[in-house]
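# Observations on the three-dimensional arrangement
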Amino acid sequence: QVQLVESGGGLVQSGGSLRLSCAPSKIIFNINTMAWYRQPPGKERELVAAITTGASTNYADSVKGRFTISRDNAKNTVYLQMNSLKPEDTAVYYCNVRNRIQTYWGQGTQVTVSS
């Protein structure tokens, strides 16, 4: 069974930066989209950023200009560079990977931004 392993979360002050990484425990073939979602306390899960195989990207309005999603197709790895972090970015961040057959989710990594 494939698991997505996330890393890079933690506690940071407002204005700081973090870089999240996500890699599968086993290779996933024919990946279409890789993405990051987040779930703030007491709120629903929302899309943060997504990237296709062709490197087209899509961002939530709230993170445009501050976050950058990238991927390494050879390693099946997706990254989220988060700059100029704000307290409202505090959430559990989830990695999401999709191919034509299945959607995979990571276990989530906590990001806390203090004011």
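What counts and how
Residues numbered from 1 in each chain as written. Predicted model: local features only at pLDDT ≥ 70, side-chain atom pairs only at ≥ 80, totals over all residues. Heavy atoms only, no water. Disulfide = S-S within 2.5 Å. Helix = DSSP H or I, 4+ residues; strand = E, 2+ residues; numbered from the N terminus. Buried < 20%, exposed > 50% of the residue type's maximum accessible area, 1.4 Å probe, protein only. Pairing = 2+ DSSP bridges. Axes fitted to C-alpha atoms, helices over the stretch in contact; angles between N-to-C directions.

## Things to note about the state of the cysteines
Taken as a whole and assessed by the stated rule, the structure comprises 1 disulfide. Disulfide partner of Cys22: Cys95, at an S-S distance of 2.1 Å. On the S-S bond that ties Cys22 to Cys95, the torsion sits near -80 degrees, and the link is left-handed. Highlighted residues: Cys22 in strand β3 (residues 18-24) and Cys95 in strand β9 (residues 91-99), separated in sequence by 73 residues. Overall, the relative accessible area of 0% leaves Cys95 in the buried class.

## Examining the sheet that holds strand β1 (residues 4-7)
Pairing in this open sheet of 4 strands is antiparallel, and the strands run β1-β3-β8-β7 from one edge to the other. The sheet is open, and its two borders are formed by β1 and β7 (67-72), each paired with just one other strand. The average angle at which neighbouring strand axes cross in this sheet is 15 degrees, direction not considered. Pairing of β7 with strand β8 (residues 77-82) involves 6 bridges; the strand directions are antiparallel. Bridge pairing in β8 places Ser70 opposite Tyr79.

Coordinates in, geometry out; function isn't part of it.
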